[in-house]
Amino acid sequence: MPLVNMKEMLHHARANGYAVGAFDLVSLDFLNGIMLAAERCKAPVILSLAESHFDYFDFDLIMPSVEAAARRASVPVAIHLDHGESLASAVEGIRLGCNGIMVDASTNPFEENVRLTKQVVHMARSCGIPVEGELGYVPGVEGEDAERHPGDIAYTTPEQAQDYVARTGVDFLAVSIGTVHGRIKGQPKLDFELLQAINERLDIPLVIHGGTGLSSDQFKRLIENGVAKINYYTALSDAAGTTIAANAGSPGNKGYTALVAGCREAIATETERCMRLWGAAGRADEVLAAASPWREVEHLIIYNVEGLDDAGVEDMARQGRDILGAIPGVRRALTGAAIQEAAGYRFTWLVRFCHEAVIDSYREHREHVKFADELFRPVAGNRVSIDYRLDE
Ligand code: 13P
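In this text, all values refer to a predicted model and were calculated from it rather than measured experimentally.

1. A word on the pattern of salt bridges
Here's step 1: Following the criterion strictly, the structure yields 29 salt bridges and no others.
Here's step 2: Arg 95 is the partner of Glu 92 in a salt bridge, and the nearest nitrogen-oxygen pair spans 2.8 Å. Within this pair, Glu 92 and its partner Arg 95 are both found in helix α4 (residues 87–96), separated by three residues, close to a single helical turn.
Here's step 3: Judged by its relative accessible area of 28%, Glu 92 falls in the partly exposed class.
Here's step 4: Each member of the salt-bridge network shares a partner with another, and the members are Glu 67, Arg 71, Glu 296, Glu 298, Arg 331 and Arg 352.

This is the structure in C-alpha coordinates:
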(Lines give C-alpha, C1' and ligand atoms only; values in the text may rest on other atoms or scores of the structure.)
Protein backbone atom coordinates (compact mmCIF):
# COMPACT_ATOMS: atom_id res chain seq x y z
CA MET A 1 0.00 0.00 0.00
CA PRO A 2 2.85 2.42 -0.51
CA LEU A 3 0.77 5.37 -1.54
CA VAL A 4 1.98 7.81 1.12
CA ASN A 5 1.37 11.30 2.42
CA MET A 6 3.29 13.57 0.03
CA LYS A 7 3.86 16.34 2.57
CA GLU A 8 5.60 13.94 4.94
CA MET A 9 7.53 12.47 2.02
CA LEU A 10 8.89 15.86 0.97
CA HIS A 11 9.65 16.99 4.51
CA HIS A 12 11.74 13.85 4.89
CA ALA A 13 13.62 14.74 1.71
CA ARG A 14 14.20 18.32 2.85
CA ALA A 15 15.39 17.25 6.29
CA ASN A 16 17.74 14.65 4.87
CA GLY A 17 19.28 16.58 2.00
CA TYR A 18 17.91 14.87 -1.08
CA ALA A 19 15.15 15.52 -3.62
CA VAL A 20 12.28 13.34 -4.81
CA GLY A 21 11.69 13.28 -8.55
CA ALA A 22 8.23 14.23 -9.81
CA PHE A 23 8.23 12.61 -13.21
CA ASP A 24 5.50 13.62 -15.63
CA LEU A 25 3.96 10.66 -17.40
CA VAL A 26 2.03 10.73 -20.65
CA SER A 27 1.47 7.01 -21.27
CA LEU A 28 1.66 3.59 -19.65
CA ASP A 29 5.23 3.19 -20.93
CA PHE A 30 6.20 6.22 -18.85
CA LEU A 31 4.30 4.88 -15.84
CA ASN A 32 5.99 1.48 -16.12
CA GLY A 33 9.42 2.93 -16.78
CA ILE A 34 9.26 5.35 -13.84
CA MET A 35 8.05 2.64 -11.45
CA LEU A 36 10.70 0.17 -12.70
CA ALA A 37 13.39 2.72 -11.87
CA ALA A 38 11.96 3.48 -8.42
CA GLU A 39 11.79 -0.23 -7.56
CA ARG A 40 15.28 -0.90 -8.91
CA CYS A 41 16.98 1.75 -6.83
CA LYS A 42 14.50 1.74 -3.92
CA ALA A 43 13.57 5.39 -4.24
CA PRO A 44 10.48 7.33 -3.20
CA VAL A 45 8.80 8.74 -6.28
CA ILE A 46 6.08 11.17 -7.36
CA LEU A 47 3.95 10.17 -10.32
CA SER A 48 3.03 13.47 -11.88
CA LEU A 49 0.24 14.27 -14.36
CA ALA A 50 0.40 17.71 -15.92
CA GLU A 51 -2.79 19.46 -16.99
CA SER A 52 -0.73 20.99 -19.80
CA HIS A 53 -0.34 17.42 -21.15
CA PHE A 54 -4.02 16.48 -21.12
CA ASP A 55 -4.13 16.53 -24.95
CA TYR A 56 -1.80 13.51 -24.91
CA PHE A 57 -3.85 11.17 -22.71
CA ASP A 58 -7.24 10.76 -21.11
CA PHE A 59 -6.83 11.78 -17.45
CA ASP A 60 -9.93 9.79 -16.44
CA LEU A 61 -8.69 6.64 -18.10
CA ILE A 62 -5.06 6.75 -17.05
CA MET A 63 -5.63 7.48 -13.35
CA PRO A 64 -6.86 4.00 -12.35
CA SER A 65 -3.58 2.60 -13.74
CA VAL A 66 -1.50 5.22 -11.95
CA GLU A 67 -3.26 4.45 -8.70
CA ALA A 68 -2.87 0.70 -9.19
CA ALA A 69 0.85 1.14 -9.89
CA ALA A 70 1.25 3.19 -6.71
CA ARG A 71 -0.69 0.75 -4.55
CA ARG A 72 1.18 -2.32 -5.71
CA ALA A 73 4.62 -0.69 -5.35
CA SER A 74 7.07 -1.62 -2.62
CA VAL A 75 8.51 1.92 -2.60
CA PRO A 76 6.68 5.04 -1.35
CA VAL A 77 4.69 6.82 -4.04
CA ALA A 78 2.63 10.00 -4.25
CA ILE A 79 0.37 11.03 -7.14
CA HIS A 80 0.45 14.69 -8.11
CA LEU A 81 -1.55 16.97 -10.37
CA ASP A 82 1.10 19.12 -12.08
CA HIS A 83 0.32 22.64 -13.36
CA GLY A 84 -3.35 22.47 -12.31
CA GLU A 85 -5.09 25.40 -13.94
CA SER A 86 -8.18 25.96 -11.78
CA LEU A 87 -10.11 25.07 -8.66
CA ALA A 88 -12.25 22.73 -10.77
CA SER A 89 -9.22 20.82 -12.04
CA ALA A 90 -7.91 20.50 -8.49
CA VAL A 91 -11.23 19.02 -7.35
CA GLU A 92 -11.20 16.66 -10.33
CA GLY A 93 -7.59 15.62 -9.71
CA ILE A 94 -8.45 14.73 -6.12
CA ARG A 95 -11.56 12.83 -7.22
CA LEU A 96 -9.45 10.78 -9.62
CA GLY A 97 -6.85 9.89 -7.00
CA CYS A 98 -4.16 12.61 -6.81
CA ASN A 99 -2.93 13.05 -3.24
CA GLY A 100 -0.95 16.19 -4.03
CA ILE A 101 -2.07 19.16 -6.11
CA MET A 102 -0.25 21.94 -7.86
CA VAL A 103 -2.14 25.11 -8.66
CA ASP A 104 -0.24 27.11 -11.23
CA ALA A 105 -1.55 30.65 -11.23
CA SER A 106 1.94 32.01 -11.82
CA THR A 107 1.09 33.83 -15.05
CA ASN A 108 -1.31 36.07 -13.12
CA PRO A 109 -0.40 39.26 -11.29
CA PHE A 110 0.69 38.61 -7.69
CA GLU A 111 -2.62 39.42 -5.99
CA GLU A 112 -4.56 37.22 -8.42
CA ASN A 113 -2.07 34.38 -7.95
CA VAL A 114 -2.60 34.68 -4.19
CA ARG A 115 -6.38 34.72 -4.56
CA LEU A 116 -6.59 31.64 -6.83
CA THR A 117 -4.01 29.67 -4.87
CA LYS A 118 -5.75 30.41 -1.58
CA GLN A 119 -9.03 29.05 -2.95
CA VAL A 120 -7.35 25.79 -3.95
CA VAL A 121 -5.52 25.49 -0.62
CA HIS A 122 -8.78 26.01 1.27
CA MET A 123 -10.52 23.27 -0.71
CA ALA A 124 -7.55 20.87 -0.62
CA ARG A 125 -7.07 21.32 3.15
CA SER A 126 -10.63 20.15 3.67
CA CYS A 127 -9.58 16.99 1.82
CA GLY A 128 -6.28 16.47 3.68
CA ILE A 129 -4.34 17.13 0.45
CA PRO A 130 -1.14 19.22 0.28
CA VAL A 131 -0.77 21.98 -2.31
CA GLU A 132 2.15 23.30 -4.34
CA GLY A 133 1.95 26.89 -5.57
CA GLU A 134 4.23 28.70 -8.00
CA LEU A 135 5.56 32.20 -7.63
CA GLY A 136 7.63 33.81 -10.35
CA TYR A 137 7.43 32.20 -13.77
CA VAL A 138 9.34 29.27 -15.28
CA PRO A 139 8.94 29.57 -19.07
CA GLY A 140 9.54 27.08 -21.84
CA VAL A 141 12.34 28.10 -24.18
CA GLU A 142 12.37 25.73 -27.13
CA GLY A 143 11.64 22.12 -27.97
CA GLU A 144 9.24 19.90 -26.08
CA ASP A 145 6.15 21.76 -24.91
CA ALA A 146 7.80 25.21 -24.97
CA GLU A 147 4.60 26.63 -26.41
CA ARG A 148 2.74 25.48 -23.31
CA HIS A 149 4.88 27.76 -21.16
CA PRO A 150 5.02 30.98 -23.22
CA GLY A 151 6.61 34.25 -22.21
CA ASP A 152 9.73 35.35 -20.37
CA ILE A 153 11.20 34.23 -17.12
CA ALA A 154 10.09 36.08 -13.98
CA TYR A 155 12.32 35.45 -10.98
CA THR A 156 10.82 34.75 -7.55
CA THR A 157 11.72 37.36 -4.96
CA PRO A 158 12.33 36.34 -1.33
CA GLU A 159 9.99 39.03 0.06
CA GLN A 160 7.10 38.04 -2.18
CA ALA A 161 7.75 34.35 -1.53
CA GLN A 162 7.40 34.89 2.20
CA ASP A 163 4.24 36.94 1.76
CA TYR A 164 2.77 34.44 -0.74
CA VAL A 165 3.38 31.41 1.49
CA ALA A 166 1.99 33.17 4.57
CA ARG A 167 -1.14 34.33 2.76
CA THR A 168 -1.93 31.24 0.70
CA GLY A 169 -0.83 28.50 3.12
CA VAL A 170 0.78 26.41 0.36
CA ASP A 171 2.70 23.35 1.54
CA PHE A 172 5.41 23.53 -1.16
CA LEU A 173 6.62 26.40 -3.31
CA ALA A 174 7.81 26.17 -6.91
CA VAL A 175 10.37 28.91 -7.44
CA SER A 176 11.80 30.54 -10.51
CA ILE A 177 15.55 31.05 -10.25
CA GLY A 178 16.64 30.50 -13.85
CA THR A 179 15.38 27.05 -14.90
CA VAL A 180 13.17 26.68 -17.98
CA HIS A 181 10.77 23.99 -19.10
CA GLY A 182 11.82 21.78 -21.98
CA ARG A 183 14.77 21.18 -24.24
CA ILE A 184 17.37 23.92 -24.30
CA LYS A 185 20.74 24.58 -25.89
CA GLY A 186 23.45 24.77 -23.23
CA GLN A 187 22.74 25.02 -19.55
CA PRO A 188 20.61 27.70 -17.95
CA LYS A 189 22.34 29.98 -15.47
CA LEU A 190 20.80 29.53 -12.05
CA ASP A 191 20.74 32.17 -9.34
CA PHE A 192 21.75 30.20 -6.27
CA GLU A 193 22.05 33.29 -4.08
CA LEU A 194 18.43 34.06 -4.80
CA LEU A 195 17.45 30.47 -4.00
CA GLN A 196 19.37 30.61 -0.74
CA ALA A 197 17.67 33.86 0.25
CA ILE A 198 14.22 32.37 -0.51
CA ASN A 199 15.02 29.21 1.43
CA GLU A 200 16.21 31.19 4.45
CA ARG A 201 12.84 32.91 4.68
CA LEU A 202 10.70 29.80 4.29
CA ASP A 203 10.23 26.60 6.19
CA ILE A 204 8.67 24.48 3.47
CA PRO A 205 10.07 22.22 0.72
CA LEU A 206 10.96 24.10 -2.47
CA VAL A 207 10.23 22.77 -5.93
CA ILE A 208 12.16 23.17 -9.16
CA HIS A 209 10.40 22.93 -12.50
CA GLY A 210 12.35 22.41 -15.70
CA GLY A 211 14.74 19.76 -14.39
CA THR A 212 15.85 18.59 -17.83
CA GLY A 213 19.31 19.70 -18.92
CA LEU A 214 20.76 20.73 -15.54
CA SER A 215 24.23 19.52 -14.52
CA SER A 216 25.07 17.28 -11.56
CA ASP A 217 26.59 20.25 -9.80
CA GLN A 218 23.50 22.38 -10.36
CA PHE A 219 21.27 19.65 -8.92
CA LYS A 220 23.56 19.33 -5.92
CA ARG A 221 23.39 23.06 -5.20
CA LEU A 222 19.62 23.15 -5.67
CA ILE A 223 19.19 20.42 -3.08
CA GLU A 224 21.64 22.09 -0.68
CA ASN A 225 19.38 25.14 -0.81
CA GLY A 226 16.06 23.56 0.13
CA VAL A 227 14.83 21.95 -3.10
CA ALA A 228 13.09 18.70 -2.16
CA LYS A 229 11.07 18.05 -5.34
CA ILE A 230 12.39 18.20 -8.89
CA ASN A 231 9.99 18.13 -11.82
CA TYR A 232 11.31 16.24 -14.80
CA TYR A 233 9.83 15.34 -18.13
CA THR A 234 11.53 16.34 -21.39
CA ALA A 235 14.57 14.09 -20.97
CA LEU A 236 12.24 11.10 -20.45
CA SER A 237 10.35 12.05 -23.58
CA ASP A 238 13.62 12.35 -25.50
CA ALA A 239 14.82 8.96 -24.23
CA ALA A 240 11.61 7.40 -25.54
CA GLY A 241 11.75 9.42 -28.78
CA THR A 242 15.33 8.39 -29.51
CA THR A 243 14.38 4.75 -29.00
CA ILE A 244 11.44 5.03 -31.40
CA ALA A 245 13.60 6.80 -34.01
CA ALA A 246 16.21 4.04 -33.78
CA ASN A 247 13.51 1.39 -34.14
CA ALA A 248 12.09 3.22 -37.16
CA GLY A 249 15.54 3.38 -38.77
CA SER A 250 16.35 -0.29 -38.32
CA PRO A 251 15.24 -2.95 -40.78
CA GLY A 252 12.18 -5.10 -40.17
CA ASN A 253 8.76 -4.70 -38.61
CA LYS A 254 7.46 -1.10 -38.42
CA GLY A 255 4.31 -1.88 -36.46
CA TYR A 256 3.40 0.00 -33.30
CA THR A 257 4.76 -2.53 -30.83
CA ALA A 258 8.03 -2.81 -32.78
CA LEU A 259 8.43 0.97 -32.84
CA VAL A 260 7.84 1.49 -29.12
CA ALA A 261 9.87 -1.56 -28.06
CA GLY A 262 12.50 -0.51 -25.54
CA CYS A 263 10.85 2.81 -24.58
CA ARG A 264 9.97 1.63 -21.12
CA GLU A 265 13.55 0.58 -20.46
CA ALA A 266 14.96 3.84 -21.88
CA ILE A 267 12.65 5.84 -19.59
CA ALA A 268 13.60 3.65 -16.62
CA THR A 269 17.33 4.17 -17.27
CA GLU A 270 17.05 7.98 -17.34
CA THR A 271 14.72 8.04 -14.32
CA GLU A 272 17.08 5.86 -12.28
CA ARG A 273 20.01 8.11 -13.20
CA CYS A 274 18.11 11.07 -11.74
CA MET A 275 17.05 9.22 -8.60
CA ARG A 276 20.68 8.32 -7.89
CA LEU A 277 21.92 11.82 -8.69
CA TRP A 278 19.35 13.51 -6.45
CA GLY A 279 20.04 11.20 -3.49
CA ALA A 280 16.61 9.57 -3.48
CA ALA A 281 17.93 6.09 -4.31
CA GLY A 282 17.99 3.78 -1.30
CA ARG A 283 15.62 6.01 0.73
CA ALA A 284 12.42 4.01 0.28
CA ASP A 285 12.44 2.29 3.67
CA GLU A 286 13.21 5.49 5.58
CA VAL A 287 10.34 7.27 3.85
CA LEU A 288 7.97 4.38 4.47
CA ALA A 289 8.83 4.66 8.17
CA ALA A 290 8.50 8.48 8.22
CA ALA A 291 5.44 9.08 6.03
CA SER A 292 1.93 7.88 6.83
CA PRO A 293 0.28 5.53 4.41
CA TRP A 294 -2.38 7.28 2.37
CA ARG A 295 -5.59 5.63 3.50
CA GLU A 296 -9.00 6.32 2.12
CA VAL A 297 -12.18 6.30 4.16
CA GLU A 298 -15.66 5.07 3.40
CA HIS A 299 -18.91 6.40 4.75
CA LEU A 300 -21.53 3.66 4.75
CA ILE A 301 -25.21 4.06 5.53
CA ILE A 302 -27.81 1.32 5.57
CA TYR A 303 -31.35 2.57 5.85
CA ASN A 304 -35.06 2.09 5.38
CA VAL A 305 -37.48 4.54 3.86
CA GLU A 306 -40.92 5.66 4.89
CA GLY A 307 -43.22 7.70 2.71
CA LEU A 308 -41.56 7.02 -0.69
CA ASP A 309 -42.14 4.17 -3.13
CA ASP A 310 -39.19 2.42 -4.82
CA ALA A 311 -39.25 4.84 -7.77
CA GLY A 312 -39.12 7.75 -5.31
CA VAL A 313 -36.14 6.17 -3.53
CA GLU A 314 -34.36 5.70 -6.86
CA ASP A 315 -34.99 9.34 -7.75
CA MET A 316 -33.61 10.55 -4.42
CA ALA A 317 -30.59 8.25 -4.79
CA ARG A 318 -29.88 9.56 -8.30
CA GLN A 319 -29.97 13.17 -7.09
CA GLY A 320 -27.77 12.24 -4.14
CA ARG A 321 -25.18 10.52 -6.33
CA ASP A 322 -24.89 13.69 -8.43
CA ILE A 323 -24.88 16.16 -5.55
CA LEU A 324 -22.70 14.26 -3.10
CA GLY A 325 -20.38 12.92 -5.80
CA ALA A 326 -19.42 16.53 -6.66
CA ILE A 327 -18.32 17.48 -3.12
CA PRO A 328 -14.52 17.96 -2.93
CA GLY A 329 -12.77 14.91 -1.53
CA VAL A 330 -15.56 12.50 -2.54
CA ARG A 331 -14.14 9.94 -4.94
CA ARG A 332 -17.45 8.21 -5.59
CA ALA A 333 -20.94 8.06 -4.23
CA LEU A 334 -22.76 4.78 -4.77
CA THR A 335 -26.26 3.69 -3.83
CA GLY A 336 -27.88 0.28 -3.77
CA ALA A 337 -30.88 -1.76 -2.83
CA ALA A 338 -30.57 -5.01 -0.89
CA ILE A 339 -30.75 -8.32 -2.73
CA GLN A 340 -31.48 -10.03 0.56
CA GLU A 341 -32.53 -7.77 3.38
CA ALA A 342 -29.85 -7.88 6.07
CA ALA A 343 -31.06 -7.20 9.61
CA GLY A 344 -34.17 -5.67 8.12
CA TYR A 345 -32.49 -2.89 6.11
CA ARG A 346 -33.24 -2.32 2.41
CA PHE A 347 -31.05 0.48 1.03
CA THR A 348 -27.43 1.61 1.11
CA TRP A 349 -25.16 4.58 0.52
CA LEU A 350 -21.44 4.06 0.07
CA VAL A 351 -19.42 7.25 -0.22
CA ARG A 352 -15.66 6.96 -0.74
CA PHE A 353 -13.55 9.83 0.68
CA CYS A 354 -9.98 10.46 -0.41
CA HIS A 355 -8.89 10.99 3.21
CA GLU A 356 -10.18 11.06 6.76
CA ALA A 357 -10.26 14.88 6.70
CA VAL A 358 -13.27 14.66 4.39
CA ILE A 359 -15.48 13.15 7.11
CA ASP A 360 -15.88 16.60 8.69
CA SER A 361 -15.78 18.75 5.56
CA TYR A 362 -18.37 16.50 3.86
CA ARG A 363 -20.69 16.54 6.87
CA GLU A 364 -20.58 20.34 6.97
CA HIS A 365 -20.63 20.95 3.21
CA ARG A 366 -23.64 23.04 2.32
CA GLU A 367 -24.74 20.72 -0.53
CA HIS A 368 -24.59 17.72 1.78
CA VAL A 369 -26.50 19.50 4.54
CA LYS A 370 -29.18 20.60 2.05
CA PHE A 371 -29.56 17.14 0.52
CA ALA A 372 -29.57 15.39 3.88
CA ASP A 373 -31.99 17.81 5.57
CA GLU A 374 -34.41 18.25 2.68
CA LEU A 375 -34.43 14.93 0.82
CA PHE A 376 -32.81 12.16 2.81
CA ARG A 377 -33.33 12.46 6.56
CA PRO A 378 -37.10 13.21 6.40
CA VAL A 379 -37.72 9.79 4.79
CA ALA A 380 -34.83 7.74 6.20
CA GLY A 381 -35.23 7.97 9.95
CA ASN A 382 -34.35 4.32 10.37
CA ARG A 383 -30.65 4.11 9.50
CA VAL A 384 -27.21 3.06 10.67
CA SER A 385 -24.04 4.80 9.51
CA ILE A 386 -20.33 4.19 9.95
CA ASP A 387 -17.08 5.79 8.71
CA TYR A 388 -14.14 3.44 8.42
CA ARG A 389 -10.56 3.52 7.15
CA LEU A 390 -9.86 1.06 4.41
CA ASP A 391 -7.31 -1.66 5.09
CA GLU A 392 -5.23 -2.72 2.13
P1 13P B 1 11.37 19.54 -18.03
O2 13P B 1 10.49 19.07 -19.14
O3 13P B 1 12.27 20.67 -18.44
O4 13P B 1 12.13 18.43 -17.39
O5 13P B 1 10.41 20.17 -16.92
C6 13P B 1 9.36 19.40 -16.42
C7 13P B 1 8.49 20.17 -15.49
O8 13P B 1 8.91 21.12 -14.88
C9 13P B 1 7.10 19.73 -15.36
O10 13P B 1 6.37 20.47 -14.45
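2. Thoughts on the environment of Tyr 56
Here's step 1: When you line up the elements, Tyr 56 lands in the loop between β2 (45–50) and α3 (59–72).
Here's step 2: Expressed as a C-alpha distance, the spacing of Tyr 56 and Val 26, which sit 30 residues apart in the sequence, is 6.4 Å.
Here's step 3: Dropping the residues within four chain positions of it, Tyr 56 is found in contact with Val 26, Asp 145 and Arg 148.

3. Remarks on the site of the ligand
Here's step 1: The local shell around the ligand holds 14 residues, among which Asp 82, Gly 182, Gly 210, Thr 212 and Thr 234 are the closest.
Here's step 2: Between Tyr 233 and the ligand, the recorded distance is 2.9 Å, taken from a backbone N or O atom to an oxygen atom.
Here's step 3: In isolation the ligand has 300 Å² of accessible area, and contact with the protein removes 96% of it.
Here's step 4: Contributing elements (two or more residues each) for the shell around the ligand: β3 (77–84) and β8 (227–232).
Here's step 5: The class makeup of the residues in the shell around the ligand is three nonpolar, nine polar and two charged.

Definitions and cut-offs
- Residues numbered from 1 in each chain as written.
- Predicted model: local features only at pLDDT ≥ 70, side-chain atom pairs only at ≥ 80, totals over all residues.
- Heavy atoms only, no water.
- Salt bridge = Lys/Arg side-chain N within 4 Å of Asp/Glu carboxyl O.
- Helix = DSSP H or I, 4+ residues; strand = E, 2+ residues; numbered from the N terminus.
- Buried < 20%, exposed > 50% of the residue type's maximum accessible area, 1.4 Å probe, protein only.
- Contact = heavy atoms within 4.5 Å.
- Near = heavy atom within 4 Å.
- Polar contact = N/O pair within 3.5 Å; in protein donor to acceptor, adjacent residues only side chain to side chain.
- Areas by Shrake-Rupley, 256 points an atom, 1.4 Å probe, with all protein chains shown as cover.
- Nonpolar A, V, L, I, M, F, W, Y, C, P; charged D, E, K, R; others polar.

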